[in-house]
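For reference, the chains in residue letters:
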Amino acid sequence: MVENSFQSSYGPWALVAGASMGIGAALSHEAARRGLHVVLLARGKDQLEATAAEVAAQHGVEVRTIAADLASPDIGTVVADATKDLDIGLFVYNAAVGPNSRFVDGDLDLHLLSVDVNCRTPVILCHHFGRRLIDRGRGGIVMISSMGGTQGAVNFSTYNAGKGFQWILTESLWTELADNGVDAVNVFVGATSSPNYNSFQETLDPELCNRLDTDDPLDRARSRLLRPSTPQEVATASYDGLGHGPVAYTHPDDAFVSQRCFALPRAEATGVWRALQETSTRRPDKVAR
């Protein structure tokens, strides 16, 4: 394996949490394509092992798997024990639980599960790997957040709040760890293709979502609903963002929408996102996790 600058900065091993499908699988493949060995962490053992085998076969790297629930109270110990013999240079957190309902109508236990996966576990794992990266004097942390984390809206209260938590945590790590040679980046992910998302697109009004030649943030955000990124595009943008500031976006329109909304009074910004989330009234078949 020929060493490259990414490998030199963030190798030899990456750990991707939430690694087996969709964006997580793409992040695992992209880390391997850039020359890193990969530890894949996810709950479903069969899918996890299948993805790990694909990564090893396609990129010629070593792989290791950890089949564990990120909501488990002992997740920090499980991960620490499973990786204590590896030189982890890149930690990637790609996981979420997204209850979809009005806050007071939702199940409290599901809200608390969302807090565990979106907030508690990133703190545990960033604390563990942050110390290891400081000791080695180089490395990176990638937090896969969401455009939902930039404001409140409707139906995804604890999801949006958790992704906002990840954003501020990662910005803090970016400024605290930089003097130790460690990079951190929070990635704002917008609309991204998946089987469930592609089904959701069928419920959208094309007239509302095809207003492309506009500077209106709502129109630009709606246009993204019909033009999602691929998981591979998300993975590429995420790793390209390392070393270039505390935040990265996976599409230029996402950056445009966020920056326009940040400039608005908070009531107006929240209104933009409420209108966006009500573009379709269909509820997803599955809770995001």
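Bear in mind the structure is a predicted one, so any value in this text is a computation, not a measurement.

1. Examining the packing of helix α2 (residues 22-33) against helix α3 (residues 45-59)
Running from N to C, α2 and α3 point in directions that differ by 25 degrees, and their axes come no closer than 10 Å. One element, α2, and the other, α3, form an angle in the roughly parallel class. α2 and α3 meet at a crossing whose hand is right-handed. Across from Ala25, Ser28, His29, Ala32 and Arg33 in α2, the residues of α3 making contact are Thr51, Glu54, Val55, Gln58 and His59. Looking at the contact of α2 with α3 residue by residue, the class counts come to three nonpolar, five polar and two charged.

2. A look at the environment of Phe165
Among the structural elements, Phe165 can be located in helix α6 (residues 157-177). Residue class for Phe165 comes out partly exposed when judged on its relative accessible area of 35%. C-alpha separation for the pair Phe165 and Cys119, spaced 46 residues apart in sequence, amounts to 6.6 Å. Those residues within four positions of Phe165 in sequence are excluded, and the remaining contacts are Asn118, Cys119 and Val123.

3. Digging into the nonpolar core
Counting 30 residues, the largest nonpolar core has Leu27, Leu90, Val92, Val142, Tyr239 and Leu242 as its most contacted members. With five residues, α2 is the largest single contributor of residues to this core. Not counting residues within four places of it along the chain, the set of residues in contact with Val142 comprises Leu90, Phe91, Val92, Tyr93, Val185, Val187, Ser238, Tyr239 and Leu242. Grouped together as the second largest cluster of nonpolar side chains are 29 residues, Leu41, Leu70, Leu173 and Val182 included.

4. Describing the domain arrangement of the chain
With domains assigned, the chain is organised as domain 1 (5-192 + 229-250) and domain 2 (194-228 + 262-281). Spacing between the C-alpha centres of domain 1 and domain 2 amounts to 26 Å. Facing the 16 residues of domain 1 at the interface are 14 residues of domain 2. In total, domain 1 and domain 2 occlude about 1,200 Å² of area from one another, counting both sides; carbon and sulfur atoms represent 56% of this. At the junction of domain 1 and domain 2, the tally comes to one salt bridge. With a closest N to O distance of 3.9 Å, Arg102 and Glu278 form a salt bridge. Viewed at the interface, domain 2 and domain 1 are joined by six residue pairs in polar contact (both at pLDDT 80 or more). Here the side of domain 1 that touches domain 2 is composed, by residue class, of seven nonpolar, eight polar and one charged.

5. So, the sheet that holds strand β2 (residues 37-42)
The seven strands are arranged β3-β2-β1-β4-β5-β6-β7 in an open sheet whose pairing can be described as parallel. Unpaired on one side and paired on the other, β3 (63-67) and β7 (247-249) mark the two borders of the sheet. Within the sheet, the average angular offset between the axes of one strand and its neighbour, ignoring direction, is 20 degrees. Relative to β7, strand β6 (residues 182-188) is paired through three bridges, and the arrangement is parallel. Each residue of the ladder has a partner; that of Val187, found in β7, is Ala248.

6. What about unusual backbone geometry?
Look at the link from Gly11 to Pro12: it is a cis peptide, with omega at 5 degrees. Mapped onto the fold, Pro12 is located in the loop between α1 (5-10) and β1 (13-17). Positive phi values are uncommon outside glycine, yet Asn155 reaches one of about 75 degrees. Within the element layout of this structure, Asn155 appears in the loop between β5 (139-144) and α6. Its relative accessible area of 12% is what places Asn155 among the buried residues.

7. Here we look at the side chain of Thr83
Its location among the elements puts Thr83 in helix α4 (residues 75-83). Setting aside anything within four residues of it in sequence, one finds Thr83 in contact with Leu15, Val39, Ile66, Ile88, His128, Phe129 and Arg132.

8. Here we look at the side chain of Arg220
Examined against the element boundaries, Arg220 turns out to sit in helix α9 (residues 217-225). By relative accessible area, Arg220 is classed as buried at 14%. At a separation of 3.0 Å, a polar atom in the side chain of Arg220 contacts the main-chain carbonyl oxygen of Thr214. Residue contacts for Arg220: discarding those within four places in its chain leaves Leu212, Thr214, Asp215, Asp253, Phe256 and Val257.

9. Examining helix α11 (residues 252-262)
Those residues of α11 that sit buried are Asp253, Asp254, Ala255, Phe256, Val257, Ser258 and Cys261. For α11, the elements touching its buried residues are α9, β7 and α12 (266-277).

About the cut-offs
- Residues numbered from 1 in each chain as written.
- Predicted model: local features only at pLDDT ≥ 70, side-chain atom pairs only at ≥ 80, totals over all residues.
- Heavy atoms only, no water.
- Axes fitted to C-alpha atoms, helices over the stretch in contact; angles between N-to-C directions.
- Helix = DSSP H or I, 4+ residues; strand = E, 2+ residues; numbered from the N terminus.
- Parallel < 35°, antiparallel > 145°, perpendicular 65-115°, else oblique.
- Left-handed = near helix turned anticlockwise from the far one by under 90°.
- Contact = heavy atoms within 4.5 Å.
- Nonpolar A, V, L, I, M, F, W, Y, C, P; charged D, E, K, R; others polar.
- Buried < 20%, exposed > 50% of the residue type's maximum accessible area, 1.4 Å probe, protein only.
- Core = buried A, V, L, I, M, F, W, Y, C linked by side-chain atoms within 4.5 Å.
- Domains from an automatic or database assignment.
- Buried area = accessible area lost by both parts, 1.4 Å probe.
- Salt bridge = Lys/Arg side-chain N within 4 Å of Asp/Glu carboxyl O.
- Polar contact = N/O pair within 3.5 Å; in protein donor to acceptor, adjacent residues only side chain to side chain.
- Pairing = 2+ DSSP bridges.

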